[in-house]
Amino acid sequence: MKKDDVLVDEKFNKLVEYSSRSGKIDVRLYADYDVKRGLRDSGGKGVLTGLTEISDVVSFGYIDGERVPIDGELYFQGVNVEDLIRGEANRRFAFEEATYLLLFGKLPTRQQLREFIDLIGIYRELPETFVRDVIMKAPSSNMMNTLQKCVLTMYSYDQNPEDISIHNILKQSLQLIAQFPLYSVYGYHAYRHYHLNKSLIIRNPKPELSTAENILRLLRKDGQYTELEAKVLDVALVLHAEHGGGNNSTFTTHVVSSTGTDTYSAVAASLGSLKGPKHGGANLKVQEMFKDIKAHVTNWRDETMIESYLQRILRKEAFDRAGLIYGMGHAVYTESDPRAVILKEYARKLSEEKGLEEEFNLYERVERIAGDCLMSGRRLLKPVCANVDFYSGFVYSMLGLPEELFTPIFAISRISGWSAHRIEEIVNAGKIIRPAYKYVGHHVPYLDLDERESAYAEEEENKEK
């Protein structure tokens, strides 16, 4: 390293020290000023910040006027998601129907659904040379950044990007919903080619295929997939399409849309939120945890051995030493997360097709034992259920999806919910969302430049005393 580089590093490290010290706030002040940190109350429940008709998350019911926990339920525009997935026996895929429901408030007729699927197929076509000029240039190792780049670049291809009429927003939204799978899969192929020196395969989507089918067809070298594989991926897309409006990325959609900005900027902001490991990357953490469990629990059927290792994880003696069993617990659901219940059922079916029943049984045992460990160890009065992330990573792995696409699959699904919430925000013409922050610093006098060095030195001396 050159001498100049060392000096630059030393100076920069000093700035890091100043920045870290300047931004530190006494956590006791949050209680003093009754600030709901993370927009959550003392029980972890989200603070009410808006109204929506798009989806509803239900975790409590009433018996004789008393509030009691119940098995979780999720509704899209008033329709139970479980009913939506199970639907008619002769309908193979549900994601497009769920998207229609979220955007337009009612279930489509057979003709409306057919026309909507045809429209999505037409909108899947990317602008000419977009793959070469955008996706293949400077490919990222993180597909969420690739998604953001593609979305923001689409602004340049739009003749009316700033128009926020419902007519234009809906058109932009449908294009993004249709094209997200292409951005993600093509971006992954570009990454493999340029970063991992793998063969480059770019296959065009088929407009007559569902979103789930096109993802598998575009991703796989031979373009082949089983009917069950496509069905399971379709179910996963439906379950991730929307979740109550209070999650971080959907709230971001509302916040940014409330400023009156364009669709591409709003969606790029939501993608930035979803990329965070505390939000969209949770199933990856579950996968890492299970790799660790498999490495240390030699007998997957020995429940005593499993419990012992989970206790070590909770005591911060094993895995990442964070004391967390990932995929367990939810801020809203208590008895059960309906998404996890449904996905678990399909995970079982897929494990039977793939010959991975023993691995599925391990997941099931860990789910049950971890719930008991968490309740007894933390003396909780309400049950701890598995959330959707517990099984989603396992499902994606069985489908042969690379981990680089786990969070983008979430985005491919959630763009439907974001689009519905963006339209809801614009239709209601609300005020710009502007929360308040309480200033807890101190007012200080301005010092002339020549006075500052001696004043700061004296300040440091007083701190040491």
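Not measured: the values here are computed from a predicted model.

Enquirer: Residues and numbers for the sheet that holds strand β3 (residues 79-80), please.
Expert: The strand order across the open sheet formed by three strands is β1-β2-β3, and the pairing between neighbours is antiparallel. Each having just a single partner strand, β1 (55-63) and β3 make up the two edges of the open sheet. In terms of strand pairing, strand β2 (residues 66-76) meets β3 through two bridges, oriented antiparallel. From the neighbouring strand, Tyr75 faces β3, where its bridge partner is Asn80.

Enquirer: Tell me about helix α9 (residues 211-219), residues and numbers included.
Expert: Across the nine residues of α9, nine count as buried, placing the element largely inside the fold. Listed in full, the buried residues belonging to α9 are Thr211, Ala212, Glu213, Asn214, Ile215, Leu216, Arg217, Leu218 and Leu219. Buried residues in α9 make contact with α4 (95-104), α8 (166-196), α10 (227-240) and α18 (406-427).

Enquirer: Please give an account of the side chain of His279 that cites residues and values.
Expert: Looking at the element boundaries, His279 is found in the loop between α12 (263-275) and α13 (282-296). On the basis of relative accessible area, His279 is assigned to the buried category, the value being 16%. Setting aside anything within four residues of it in sequence, one finds His279 in contact with Asn247, Asn248, Ser249, Ser273, Leu274 and Phe410.

Enquirer: Give me the lowdown on the packing of α8 against α9, citing residues and values where you can.
Expert: With their axes 10 Å apart at the nearest point, α8 and α9 run at an angle of 15° to one another. Comparing the axis directions of α8 and α9 gives the class roughly parallel. The chirality of how α8 crosses α9 is right-handed. Residues Pro181, Leu182, Val185, Tyr186, Tyr188 and His189 of α8 pack against Thr211, Ile215, Leu218 and Leu219 of α9. Of the residues contributing to the contact of α8 with α9, the split by class is eight nonpolar, two polar and no charged.

Enquirer: Account for the environment of Asn168, naming residues and giving values.
Expert: With respect to the secondary-structure elements, Asn168 resides in helix α8. Classification of Asn168 by relative accessible area gives buried; the value is 7%. Each C-alpha atom, one on Asn168 and one on Thr263, is 9.3 Å from the other, the two residues being 95 residues apart in sequence. Those residues in contact with Asn168 that lie beyond four places of it in its chain are Asn160 and Asp163.

Enquirer: Which residues make up the pairing of β2, and what are the values?
Expert: The two faces of the sheet receive side chains in turn, since in a regular strand these alternate between them. With eight bridges joining them, β1 and β2 adopt antiparallel strand pairing. Note on β2: the bridge partner recorded for Ser55 is Phe76. From the end of β1 to the start of β2, which pair antiparallel, there are two residues, and Asp64 there has a positive phi angle of about 50°. Hairpin remark: β2 followed by β3, antiparallel, with two residues in the connecting loop; positive phi at Gln77, about 50°.

The rules we used
- Residues numbered from 1 in each chain as written.
- Predicted model: local features only at pLDDT ≥ 70, side-chain atom pairs only at ≥ 80, totals over all residues.
- Heavy atoms only, no water.
- Pairing = 2+ DSSP bridges.
- Helix = DSSP H or I, 4+ residues; strand = E, 2+ residues; numbered from the N terminus.
- Buried < 20%, exposed > 50% of the residue type's maximum accessible area, 1.4 Å probe, protein only.
- Contact = heavy atoms within 4.5 Å.
- Axes fitted to C-alpha atoms, helices over the stretch in contact; angles between N-to-C directions.
- Parallel < 35°, antiparallel > 145°, perpendicular 65-115°, else oblique.
- Left-handed = near helix turned anticlockwise from the far one by under 90°.
- Nonpolar A, V, L, I, M, F, W, Y, C, P; charged D, E, K, R; others polar.

So, to be careful, I would describe these as geometric facts and stop short of saying anything about function.
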